[in-house]
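# Results of the structural survey
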Amino acid sequence: MTLSRFRISILLTWVFLLVSACSPNRSGSPGVPEPTSDGDEVESGHAVGMRSYMDLPEELSIRQKVERVCGQCHLVPEPSALDRDSWERSVLPMMGWRLGMYEPEVPREEILAGAVDPVRVRVEDRFPVDPLISDEDWKQIQSWYLNRAPESIERFSDMEEPLLSRDAIRDPVHILHWADPLPPAMTLLEIDPDRELIYAGGVRDGQGEFWVLDQMWDPLQRVPLPSAPVHLERDGANLLLTLIGTLRLQPRGNRAGELVQLVRPAGEKLFSGLQGFAGELRRPVQTIRSDLTGDGREDLVVAEFGFYSGAVTLFERSSFEAPPDRGDPYKRRELYSEPGAVRLQLSDLDGDGEEELLALLGQGDEGVMRFRSDGMGGFRSEWLLRFHPGWGSTDLLTGDVTGNGRTDLVVCNGDNGDFPPVLRSDHGIRVYENREGGEFEKVYWHPMDGAYRCRWLDRDQNRMVAISYFPDEERSPRGDLIYLQFREGGEAEVHEWPVDLPARWLALAAGPMVAGENPVVLVGSHGEFPTSEIFDESLLRRRLSVLEWRPDLE
């Protein structure tokens with residue numbers, strides 16, 4: 001893998017990249033068993049330094065060496081998880097970095113230069129100076145994967161199951177909103193039915209933008225930002241924006257993200273000021289508000305997806321209100337000290353009336369982790385679901401999908417920021433039923449290339465929309481926008497957008513424009529496809545920003 005290829009590969013996707021804890025991070029494989037819930041107790045956060053493997057016993061088989069080395073950080077992927085070219089060209093070299101095995105054309109210092117927080121990555125020794133494994137053992141592990149990896153990965157069409165059931169959405173009522181004034185690369189959409197407003201965020205010429213629009217999409221206010229907004233959390237009349245920092249990772253000089261607050265006077269629609277809240281965050285993608293510690297004060301939790309380093313970070317509200325010039329009223333600590341947190345949810349899974357924090361993790365050690373307060377200021381964490389490191393987890397919803405009276409989990413996996421992207425056989429949307437005793441069992445899977453975001457359409461949580469950022473570009477229609485209607489037991493009827501639009505969908509919002517009305521679906525574009533069968537050449541010179549769709553729920 002050359003340095004130039006390394007630089008090119010980093011630019012392929014803006015949030016979810018292949019780089020993982022110490023192994024491949026995006027793959028799919030019919031040869032890997034379906035991940036299951038295991039309920040293993042884990043510490044709140046992992047050790048960051050890798051142990052040395054220079055003294056592996058000679059009597060170990062190569063398979064046992066693979067399990068010993070790779071299994072320290074995550075479930076061990078099978079060779080069938082990726083095609084041979086991806087293993088050889090991308091994944092194995094990056095696995096080697098974590099073991100102190102560097103190629104001459106990609107030196108350690110060049111890797112560290114790309115970190116969002118290079119000082120911490122260096123201190124934590126995430127890329128060891130000296131090798132942690134012998135040349136012989138490392139060559140054996142590489143050969144074990146390369147000799148067993150397939151030339152290509154099995155696709156949905158090659159599998160007997162599942163039988164795909166996709167009907168077209170008939171005559172969808174929709175409006176296309178083009179770039180200008182909206183940014184051409186959307187990263188955020190949100191509907192505010194109480195104020196009858198639309199919030200939109202994106203990036204233009206490397207700078208972030210936040211827009212306030214009315215229901216007719218007339219712009220009311222534009223707020224320039226240091227970087228792209230990727231999530232908003234309401235705080236009364238104010239908004240807390242999560243800014244990711246560097247959107248497309250560069251070989252060096254990647255900026256940290258931050259939280260900023262948009263201040264709005266009560267009763268007004270427009271914002272009067274912008275305040276910094278927290279900085280030096282490692283590619284944050286979401287922030288939620290909740291009294292996690294149970295002391296009556298509202299805390300904040302940030303998903304720092306990161307790059308080489310990251311965390312699930314708690315900003316705990318102090319017992320005093322500090323004046324603006326007298327210190328920070330929040331105490332910052334990490335509940336999980338590894339990169340990969342991509343989605344946070346608050347949900348009462350066991351029905352005890354207390355909300356628990358759930359985190360979907362999508363780098364290396366993938367899965368759904370639950371955090372519970374121990375009542376003494378600490379937290380206990382446990383795996384609810386654990387996935388192999390090629391799963392590509394992207395989104396998480398909760399709700400009683402199966403109709404059993406308990407809160408189920410809906411997981412999207414479809415990150416395909418590989419080098420280059422490889423279509424998989426296990427991407428899609430899965431429903432995990434909450435069974436008695438707290439176990440979660442998969443009861444439904446809808447295959448979907450590059451499944452990226454999903455949102456509920458109704459309070460009953462039996463209608464959902466989902467988008468893909470990495471669809472099958474050779475398929476028509478691409479199936480990158482679908483509507484699912486769940487039935488009792490978790491099965492679903494699936495309908496997909498009937499025509500291909502010149503857009504790569506990244507942002508998604510669903511809900512009523514006005515409280516009490518039927519929901520509207522807003523889909524934001526971040527990039528485009530070169531051709532589309534329904535647009536002539538003059539229209540293709542324009543950039544599509546947002547698709548507004550009013551689904552018929554009758």
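Refer to the structure presented above.
Residues numbered from 1 in each chain as written. Predicted model: local features only at pLDDT ≥ 70, side-chain atom pairs only at ≥ 80, totals over all residues. Heavy atoms only, no water.

### Overview of the packing of aromatic side chains
- In this structure the tally under the stated criterion is 18 aromatic pairs.
- Taken together, a centroid distance of 5.5 Å and an interplanar angle of 75° make the contact between tryptophan 497 and tryptophan 549 edge-to-face. One end of the pair, tryptophan 497, is in the loop between strand S27 (492–496) and strand S28 (505–512); the other, tryptophan 549, is in strand S30 (residues 544–550), with 52 residues separating them in the sequence.
- Tryptophan 549 gets classed as buried once you look at its relative accessible area, which sits at 3%. (Phe/Tyr/Trp six-rings, centres within 6.5 Å; stacked < 30°, edge-to-face > 60°. Helix = DSSP H or I, 4+ residues; strand = E, 2+ residues; numbered from the N terminus. Buried < 20%, exposed > 50% of the residue type's maximum accessible area, 1.4 Å probe, protein only.)

### Quick notes on the pairing of S27
- The buried count for S27 comes to four of five residues, which makes it a mostly enclosed element.
- Sheet topology places strand S2 (residues 167–168) next to S27; two bridges connect them, and they run parallel. Within S27, the position partnered with alanine 168 by the bridge is glutamate 496.
- Pairing geometry for strand S26 (residues 481–486) and S27, over five bridges, is antiparallel. Bridge pairing in S27 links isoleucine 482 to glutamate 496.
- A loop of five residues connects S26 with S27, the two strands running antiparallel in sequence, and glycine 489 in this loop sits at a positive phi of about 100°. (Pairing = 2+ DSSP bridges.)

### What about the side chain of threonine 394?
- Positionally, threonine 394 belongs in strand S20 (residues 393–399).
- Exposure remark for threonine 394: the relative accessible area of 0% places this residue in the buried category.
- Reaching out from threonine 394, the side chain makes a polar contact with the backbone oxygen of tyrosine 452 at a distance of 3.4 Å. (Polar contact = N/O pair within 3.5 Å; in protein donor to acceptor, adjacent residues only side chain to side chain.)

### Observations regarding helix H2 (residues 62–70)
- Of all the residues in H2, the buried ones are Lys65, Val66, Val69 and Cys70. Angularly, the buried residues of H2 cover 105° about the axis, an arc narrow enough to put them on a single face.
- For H2, the elements touching its buried residues are helix H3 (84–98) and helix H6 (135–148). (Arc of directions from axis to C-beta. Contact = heavy atoms within 4.5 Å.)

### Topic: H6
- An ideal rise of 1.5 Å per residue puts 20 Å on 14 residues; H6 measures up with 20 Å between its terminal C-alpha atoms.
- Residues of H6 that are buried make contact with H2 and H3. (Expected span 1.5 Å × (residues − 1).)

### Comments concerning the sheet that holds strand S29 (residues 519–525)
- Taken in spatial order, the four strands line up as S3-S30-S29-S28 in an open sheet, and their pairing is antiparallel. Unpaired on one side and paired on the other, strand S3 (173–178) and S28 mark the two borders of the sheet. Neighbour-to-neighbour, the strand axes of this sheet turn through a mean angle of 15°, independent of strand direction.
- The pairing of S29 with S30 spans four bridges and is antiparallel. The partner of glycine 524 across the bridge, within S30, is valine 546. (Axes fitted to C-alpha atoms, helices over the stretch in contact; angles between N-to-C directions.)

### Brief notes about the pattern of salt bridges
- With the rule as written, the count across this model stands at 38 salt bridges.
- With a closest N to O distance of 3.1 Å, aspartate 395 and arginine 343 form a salt bridge. Linking aspartate 395 in strand S20 with arginine 343 in strand S16 (residues 341–347), this pair joins segments that are 52 residues apart in sequence.
- With a relative accessible area of 0%, aspartate 395 lands in the buried category.
- With its nearest N and O atoms 2.9 Å apart, the salt bridge here joins arginine 455 to aspartate 395. In this pair, arginine 455 sits in strand S24 (residues 451–456) while aspartate 395 sits in strand S20, placing the two residues 60 residues apart along the sequence.
- Linked through salt bridges whose partners overlap, the residues forming this network are Arg120, Glu124, Arg126, Arg282, Glu304, Arg332, Glu334 and Glu338. (Salt bridge = Lys/Arg side-chain N within 4 Å of Asp/Glu carboxyl O.)

These figures capture arrangement, not role.
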